[in-house]
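Take a look at the letters that make up each chain.
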Amino acid sequence: MKTLFVTSEKDPRETRVALTPSDAQKLAKLGWEIHVESGAGAKAGFIDEDYAEAGAKIADAKFASEADFVAGVRKPSVEDVAKLKKGSFHLSLLDPFNEKATIKAFAEAGVTAASFEMIPRSTIAQKMDVLSSQANLAGYYSVVKAASTINRIIPMMMTPAGTISPLKFFIVGVGVAGLQAIATAKRMGARVEAFDTRPVVEEQVKSLGAKFVKIDLGETGQTEQGYAKELTPEQIEKQRKGMAKVCAQADVIITTAKLFGRKAPRIITEEMVAGMKRGSVIVDLAVESGGNVAGSEPGETVITPNGVTIIGDTCLEAHVPATASQMYGSNVYNFIEHFTKDGEFHVDMEDPIMKSCIVARGGQITDERFM
Ligand code: NAD
């Protein structure tokens with residue numbers, strides 16, 4: 001393998017780029033010839049000249065059909081997949097549970113496709129774990145977004161004009177995004193409470209100085225990969241009842257509760273939203289996979305009749321594109337570096353990381369969940 005092509009993102013909402021100039025330079029040292037589609041990094045603040053200075057060549061979209069390796073952020077269209085070189089390697093967020101036609105197109109084109117979100121959550125793979133690097137930023141930005149939407153300040157202030165009480169934040173779902181949301185809200189001076197169905201999270205919540213809301217749901221547990229298991233309808237009902245009072249008192253609710261590969265649980269009902277204070281804000285990070293909150297809409301900000309703002313931003317990390325691209329690009333670099341031996345990139349299907357993220361290879365779809 002020799003040539004790597006960084007595509008520009010076709011979705012107009014996307015601001016990130018798959019590789020920064022500094023990672024392009026590092027990859028060149030590994031023996032890669034880097035080609036970057038003109039304008040690919042512009043929205044993230046990296047212009048063509050920056051890439052050229054880092055030793056990359058500026059190309060147009062057609063170069064995708066010549067490259068040995070194509071890296072992107074979002075999945076390419078089926079038409080673009082058909083143009084890729086047979087035997088080449090593709091890496092991006094392919095969303096394989098929902099985008100089966102794209103996976104089929106990769107198999108038909110004879111391209112080896114790696115779905116970046118399928119990298120396992122193991123210690124060795126952390127450096128290439130794009131779900132974590134981006135969820136971390138989404139968690140951070142959810143607090144920034146709530147802070148800039150709500151009509152009050154977050155921290156406590158004692159002034160001659162009176163004492164201002166700190167805002168109350170409630171974080172539902174304490175994975176990577178939730179933990180960062182707690183840490184960011186604490187730094188801004190909020191009073192923070194949090195809940196997750198995985199009991200192991202309680203200690204992490206407390207270590208960040210937040211309060212863990214205890215709700216007895218019976219057996220919940222987690223999968224081998226550390227993901228939450230789906231609750232029964234009875235457990236969900238118990239959870240809603242246990243959370244109703246905390247929601248009614250919260251100024252800001254941030255929900256991040258997801259179930260890997262499945263629809264997100266609907267946790268906050270219409271009734272719970274109706275019970276919230278006028279002017280309070282909800283940010284639903286699970287909105288794209290079904291939403292945790294009744295009334296949240298992908299890509300929309302909704303104001304309910306009782307004056308609650310529900311933010312359904314589907315890609316909060318895209319608001320900090322320079323940092324998000326820096327982290328994404330670093331994940332891409334680490335992935336390639338990890339599988340480069342003696343100057344050659346190897347697709348080792350025996351390797352647990354590679355095996356877990358490859359969705360198409362040699363004309364076949366390699367994971368039956370995506371057929
Ligand atoms: P995720 O995005 O799949 O879900 C977010 C959170 O929502 C999770 O904490 C989950 O337990 C929670 N959730 C699900 N249903 C819920 C409900 N009904 N109510 C409240 N909360 C609910 O999770 P993630 O951030 O991708 O993290 C998944 C796991 O992977 C975690 O255990 C995390 O610690 C682990 N992880 C490990 C590594 C590593 O070892 N390299 C890296 C990243 C994450």
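Before any of the text, the structure's been laid out above.
In what follows, the accompanying structure is described. (Residues numbered from 1 in each chain as written. Predicted model: local features only at pLDDT ≥ 70, side-chain atom pairs only at ≥ 80, totals over all residues. Heavy atoms only, no water.)

## Here we look at the pairing of strand β6 (residues 112-115)
Side-chain positions along a regular strand alternate between the two faces of the sheet. Here β6 shows a buried face lined by T112 and A114 and a second buried face lined by A113 and S115. Two elements, strand β5 (residues 89-93) and β6, share four bridges in a ladder whose sense is parallel. Residue S92 lies in a different strand from β6, and its bridge partner there is S115. You can see the chain leave β5, run along helix α4 (residues 100-109) and come back into β6, and the turn it takes is right-handed. (Buried < 20%, exposed > 50% of the residue type's maximum accessible area, 1.4 Å probe, protein only. Helix = DSSP H or I, 4+ residues; strand = E, 2+ residues; numbered from the N terminus. Pairing = 2+ DSSP bridges. Right-handed = clockwise from strand over helix to strand, strands pointing away.)

## Regarding the sheet that holds strand β19 (residues 364-365)
Taken in spatial order, the eight strands make up an open sheet running β3-β2-β1-β4-β5-β6-β18-β19, and their pairing is mixed. Among the strands making up the open sheet, the edge pair consists of β3 (57-59) and β19. In this structure, strand β1 (residues 3-6) lies alongside strand β2 (residues 33-37), joined through four bridges in parallel fashion. Bridging across to β2, T3 finds its partner in E33.

## Concerning unusual backbone geometry
Phi at D95 is positive, roughly 50°, even though this residue is not glycine. Counting through the fold element by element, D95 comes out in the loop between β5 and α4. The phi torsion at D342 lies on the positive side, around 50°, for a residue other than glycine. Given the relative accessible area of 82%, D342 is considered exposed.

## Let's talk about the site of the ligand
Among the 23 residues in the neighbourhood of the ligand, the closest are listed as V176, D196, R198, G226 and Q239. In this structure, V176 approaches the ligand through a main-chain N or O atom, which is 2.7 Å from an oxygen atom. Taken by itself the ligand offers 840 Å² of open surface, and the protein chains cover 86% of this. Tallied by class, the residues present in the shell around the ligand amount to eight nonpolar, 10 polar and five charged. (Near = heavy atom within 4 Å. Polar contact = N/O pair within 3.5 Å; in protein donor to acceptor, adjacent residues only side chain to side chain. Areas by Shrake-Rupley, 256 points an atom, 1.4 Å probe, with all protein chains shown as cover. Nonpolar A, V, L, I, M, F, W, Y, C, P; charged D, E, K, R; others polar.)

## Examining the nonpolar core
Grouped together as the largest cluster of nonpolar side chains are 60 residues, with contacts concentrated most on I34, F69, F89, F335 and F345. Sequence-distant contacts of I34, defined by excluding residues within four places in its chain, comprise L4, V6, L19, A24, L27, A28, A56 and K57. Judged by nonpolar contacts, the second largest core, of 54 residues, contains A210, V273, V283 and V320. (Core = buried A, V, L, I, M, F, W, Y, C linked by side-chain atoms within 4.5 Å. Contact = heavy atoms within 4.5 Å.)

## Structural notes on the sheet that holds strand β14 (residues 301-303)
Taken in spatial order, the seven strands of this open sheet run β11-β10-β9-β12-β13-β15-β14, and their pairing is mixed. Pairing within the sheet leaves two strands with one partner each, and these edge strands are β11 (211-212) and β14. In this structure, strand β13 (residues 281-284) lies alongside strand β15 (residues 309-311), joined through three bridges in parallel fashion. When the sheet's bridge partners are listed, V283 is paired in β15 with I311.

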